[in-house]
Amino acid sequence: MRAPGAGRTARLVRRLCSPAVRGADAVTGGHGRLRLPADLPAPLGYDAVGVDAALGPRITGKLLRAGCVFADAERWWWIVPSGADIGVAWPPAARYAAGALVAAHPPGSGPRLAHRPEDGIPYTHPVVLYIAVCNAVGVRPVWTEGRDPGAVREPPRGRGPGGAGSGQSLR
């Protein structure tokens, strides 16, 4: 019995190897932004999550649905809504690229659009992707309160010490 999504993963891998895969600007200079196709709106803004190319098929096979995926020989990048790093601690095997800004590559190389979603929504669900990445690298998901797990949070202003507006702590 084949694993769910195995056929889809095989098609994606074949497509990555095809010279006809296009749709993203080559990334040049110090950093460059992965470019979505003009006809795929991203009203929530977008960031990208990248992993080593060897992990790409394993992660894709665990996703029910993938948005735009960019890939090259080194790394696969999934497009997620802006702020998908809030509340999660992406494992060290993953690179989170705010604004989908990735390292420079020579012109004509670098990540190219490898998967275009049929439904016109460019995003991969970030929580599902996070769990799939953690599973693929064998780490337990860690949920945080914000972008910096070590950050000290101030209580909300204009409310009591408990933050509930009553002047009393919630216990």
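Attention here is on the structure that accompanies the text. Source: prediction; values computed, not measured.

Moving on, we come to the overall build of the chain. Tallying secondary structure elements over the chain gives 3 helices and 7 strands in all. Beginning at the N terminus, the succession of helices and strands in the chain can be written as α-β-β-α-β-β-β-β-β-α. For the chain, the proportion of its 171 residues judged to be buried stands at 41%. Contacts in the chain between residues far apart in sequence, at least 24 positions, make up 78% of those at least 6 positions apart.

Attention now goes to a nonpolar patch on the surface. A surface patch of nonpolar side chains, amounting to about 280 Å² of accessible area, comprises Val127, Ile131 and Trp143. With respect to the helices, strands and loops of the structure, Ile131 is situated in helix H3 (residues 126-137).

This part covers the side chain of Asp72. Following the sequence through the fold, Asp72 ends up in the loop between strand E3 (69-71) and strand E4 (75-80). Despite its burial, Asp72 remains without a salt bridge, the nearest opposite charge being carried by Arg75 at 6.8 Å. Polar contacts involving the side chain of Asp72 include one to the main-chain amide nitrogen of Glu74, which spans 2.8 Å. At 2.8 Å, the side chain of Asp72 and the backbone nitrogen of Arg75 are in polar contact. Asp72 has contacts with Ala53, His105, Gly110 and Pro111, leaving out every residue within four places of it along the chain.

What follows covers the pairing of strand E2 (residues 47-52). Extensive coverage of E2 is indicated by the burial of 5 of its 6 residues. The pairing of E2 with E4 spans 6 bridges and is classified as antiparallel. Note that in E4 the partner of Asp47 across the bridge is Val80.

Further remarks concern the nonpolar core. In a soluble, globular protein the nonpolar side chains are often hidden away together inside. Val51, Ile59, Trp78, Trp90, Leu129 and Val133 are the most contacted members of the largest nonpolar core, which totals 23 residues. Secondary-structure elements contributing two or more residues to this core are E2, E3, E4 and H3. In contact with Trp78, other than residues within four places in its own chain, are Asp47, Ala48, Val49, Val51, Gly56, Ile59, Thr60, Leu63, Cys68, Val69, Thr124 and Leu129. One finds Leu40, Cys68, Leu113 and Tyr123 within the second-largest nonpolar core, a separate group that totals 14 residues.

Checked against the element boundaries, Pro111 lands in the loop between strand E6 (101-103) and strand E7 (112-115). Judged by relative accessible area, which is 0%, Pro111 ranks as buried. On a C-alpha basis, the gap between Pro111 and Asp72 in space is 4.7 Å, while along the polypeptide they are 39 residues apart.

What follows covers the packing of aromatic side chains. In this description, a pair of aromatic rings is defined by centroid distance and the angle of the planes. Taken as a whole and judged by the stated rule, the model has 4 aromatic pairs. Ring geometry for Trp90 and Tyr96: centres 6.2 Å apart, planes at 35°, overall tilted. When its relative accessible area of 15% is taken as the criterion, Trp90 is described as buried. Above the face of the Tyr46 ring, Arg33 is positioned so that its terminal group lies 3.9 Å from the ring centre.

With that settled, consider the sheet that holds strand E5 (residues 95-97). Strand order in the open sheet made by the 5 strands is E5-E2-E4-E3-E7, with antiparallel pairing throughout. Edge positions in the sheet fall to E5 and E7, since each of these pairs with one other strand and no more. Put simply, the sheet's adjacent strands are angled 30° from each other on average, direction ignored. Pairing analysis gives 3 bridges linking E3 to E4, with the strands arranged antiparallel. The residue of E4 that forms the bridge with Phe70 is Trp77.

Cut-offs applied
Positions within a chain are numbered from 1, following the residues in the order the chain's sequence is written. Where local features are concerned, this predicted model is filtered to residues with pLDDT of at least 70; where side-chain atom pairs are given and counted, the filter is 80 or more; whole-chain, interface and lining totals use all residues. For the side-chain quantities, the full set of heavy atoms in the structure was used; hydrogens and water were omitted. By definition, any uninterrupted DSSP run of H or I lasting at least four residues is a helix, any uninterrupted run of E lasting at least two residues is a strand, and each is numbered from the N terminus. For each residue, the accessible area found with a 1.4 Å probe, counting protein chains only, is set against the maximum for its type, and the residue is called buried under 20%, exposed over 50%, and partly exposed in between. Contacts between residues were defined by any pair of non-hydrogen atoms, one from each residue, lying within 4.5 Å. Here, patches come from residues exposed beyond 30% relative accessible area and free of salt bridges, joined within 9 Å for like charges and within 5 Å for nonpolar side chains (Val, Leu, Ile, Met, Phe, Trp, Tyr). Areas reported as accessible are Shrake-Rupley estimates using a 1.4 Å probe. Residue values count occlusion only from the protein chains shown. Each reported salt bridge corresponds to a side-chain nitrogen of Lys or Arg within 4 Å of a carboxyl oxygen of Asp or Glu. His residues and chain termini do not enter the charge count, which takes Lys and Arg as positive and Asp and Glu as negative. For this analysis, a polar contact is any N or O atom pair within 3.5 Å, provided that within protein one partner can donate a hydrogen and the other can accept it, and provided that sequence-adjacent residues contribute only side-chain to side-chain pairs. The rule for pairing is simple: two strands pair if DSSP sees at least two bridges between them. Definition of nonpolar core: a set of buried residues of the types Ala, Val, Leu, Ile, Met, Phe, Trp, Tyr and Cys, connected through side-chain atoms within 4.5 Å. Here is the rule: rings of Phe, Tyr and Trp (six-membered ring for Trp) pair when centre to centre is within 6.5 Å. Planes less than 30 degrees apart are stacked, more than 60 are edge-to-face, and the remainder are tilted. Distance and angle both matter: a charge sits over a ring if NZ of Lys or CZ of Arg is within 6 Å of the ring centre and within 35 degrees of the ring normal. Fitting a line to C-alpha atoms yields each axis, with helices limited to the stretch in contact; the angle taken between N-to-C directions then spans 0 to 180 degrees.

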